[in-house]
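Structural overview for review
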Amino acid sequence: MALSRFLTMFLIVAVSIIPIISSTDFIVGDDNGWATGFDYQAWAQGKEFHAGDKLVFKYMKGKHNVMRVNGTGFQQCAVPPDSSTQGFTTGNDVIVLSSPGRKWYICGISNHCENGKMKVAITVQPQIGFGAPTSSPNPTPTPISAATGTSPIYSSWIVIIFALLIAIMF
Ligand SMILES: *[C@@H]1O[C@H](CO)[C@@H](O)[C@H](O)[C@H]1NC(C)=O
Ligand SMILES: [Cu+2]
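The rules behind these values
Residues numbered from 1 in each chain as written. Chains lettered and ligands numbered in written order. Predicted model: local features only at pLDDT ≥ 70, side-chain atom pairs only at ≥ 80, totals over all residues. Heavy atoms only, no water. UniProt positions renumbered as here; feature names shortened; annotations may be inferred. Helix = DSSP H or I, 4+ residues; strand = E, 2+ residues; numbered from the N terminus. Buried < 20%, exposed > 50% of the residue type's maximum accessible area, 1.4 Å probe, protein only. Contact = heavy atoms within 4.5 Å. Phe/Tyr/Trp six-rings, centres within 6.5 Å; stacked < 30°, edge-to-face > 60°. Lys NZ or Arg CZ within 6 Å of the ring centre and 35° of its normal. Donors = N, O, S within 2.8 Å, 3.2 Å for Na, K, Ca; no water. Tetrahedral: all angles 85-135°; square planar, octahedral: opposite > 155°, others 65-115°. Pairing = 2+ DSSP bridges. Near = heavy atom within 4 Å. Polar contact = N/O pair within 3.5 Å; in protein donor to acceptor, adjacent residues only side chain to side chain. Areas by Shrake-Rupley, 256 points an atom, 1.4 Å probe, with all protein chains shown as cover.

For the protein chain, an unreviewed UniProt entry supplies the name Phytocyanin domain-containing protein and the organism Arachis hypogaea. Within the UniProt record for the protein chain, the comment given under Subcellular location (unreviewed entry) is "Membrane".

This is the structure:
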């Protein structure tokens, strides 16, 4: 009797903290990675990004890079003048989406952005789990649908497995 009540309580607590600590890693371009000739706008469509999630840009170091730009820089494929502070060049660049809003990233190598379509624009929504609305505060034409891709890695699975292990132990 007491045991099952403990289990119920534990599961309620575990399930309620999952949305707070969960975050999703998005591999930009999925298996294609960060390369020329891929439609990153199509890739971003239908995905929901939340503050705390991460973008991972994978490419061969030196062949590409990742520049965070503003909307103008995105449209014109313009690399910011102080590129050293805005750029990522490791080939496995993990960018934490720390705040909500519109974010733009381009490749700054030669004409990869303009001719190779190496540009991606996303809208980051507030973090889940704090009673934040799931819709974007500024109306942007980003369609909102369930993210069904297989690449996002849900760290909340660790919590679920951990909770189940403890539940089994008791
Ligand atoms: C966009 O970025 C460029 C280059 O960094 C800068 O010159 C420009 O003022 C920015 N535009 C806006 C609207 O912030
Ligand atoms: Cu490139």
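Now that the structure has been shown, we can carry on.
1. Considering the overall build of the protein chain
When you go through the protein chain residue by residue, the secondary structure sums to 5 helices and 9 strands. Taken from the N to the C terminus, the helices and strands of the protein chain come in the order α-β-α-β-β-β-α-α-β-β-β-β-β-α. Buried positions account for 36% of the 170 residues belonging to the protein chain. If you take every contact in the protein chain between residues at least 6 apart in sequence, the share linking residues at least 24 apart comes to 73%.

2. Concerning the packing of aromatic side chains
Per the counting criterion, the structure on display carries 6 aromatic pairs. Ring geometry for Phe26 versus Phe49: centroids 4.6 Å apart, planes at 55°, classification tilted. One end of the pair, Phe26, is in strand E1 (residues 24–27); the other, Phe49, is in strand E2 (residues 49–50), with 23 residues separating them in the sequence. In this pair, the class of Phe26 matches that of Phe49, namely buried. Pairwise contacts between aromatic rings join Trp34, Phe38, Tyr40, Phe57 and Tyr105 into one cluster. In this arrangement the basic side chain of Lys119 is found over the ring face of Phe74, its NZ or CZ atom lying 4.6 Å from the centre.

3. A word on the coordination of the copper ion (ligand 2)
At the metal site, the copper ion (ligand 2) is ligated by His64 (ND1), Cys107 (SG), His112 (ND1) and Met118 (SD), and these contacts range over 2.0 to 2.7 Å. Classification of the site at the copper ion (ligand 2) as tetrahedral follows from its 4 donor atoms and the range of 85 to 134° in their angles at the metal. Counting the intervening residues between successive donors of the copper ion (ligand 2) yields the motif H-x42-C-x4-H-x5-M. Placement of His64 in the loop between strand E3 (54–58) and strand E4 (66–69) and of His112 in the loop between strand E7 (101–106) and strand E8 (119–125) is noted, with a sequence separation of 48 residues between them.

4. A short note on the pairing of E4
The side chains of a regular strand alternate between the sheet's two faces. Pairing geometry for E4 and strand E5 (residues 87–88), over 2 bridges, is antiparallel. Across the sheet, Val66 pairs through a bridge with Phe88, a residue of E5. Note that E4 and E7 share 3 bridges and pair antiparallel. Counterpart to Met67 in the pairing with E7 is Ile106.

5. Examining the site of ligand 1
Close contacts around ligand 1 come from Asn70, Pro80 and Pro81, and that covers them all. In this structure, an oxygen atom belonging to ligand 1 sits 2.4 Å away from a side-chain N or O atom of Asn70. Protein chains shield 30% of the accessible area of ligand 1, which is 360 Å² for the free molecule.

6. What about the environment of Arg102?
The topology assignment puts Arg102 in strand E7. On the basis of relative accessibility, which here comes to 30%, the residue Arg102 falls in the partly exposed class. For the pair formed by Arg102 and Ala121, sequence separation is 19 residues and the distance between their alpha carbons is 7.2 Å. A distance of 2.7 Å separates polar atoms of two side chains, one belonging to Arg102 and the other to Thr123.

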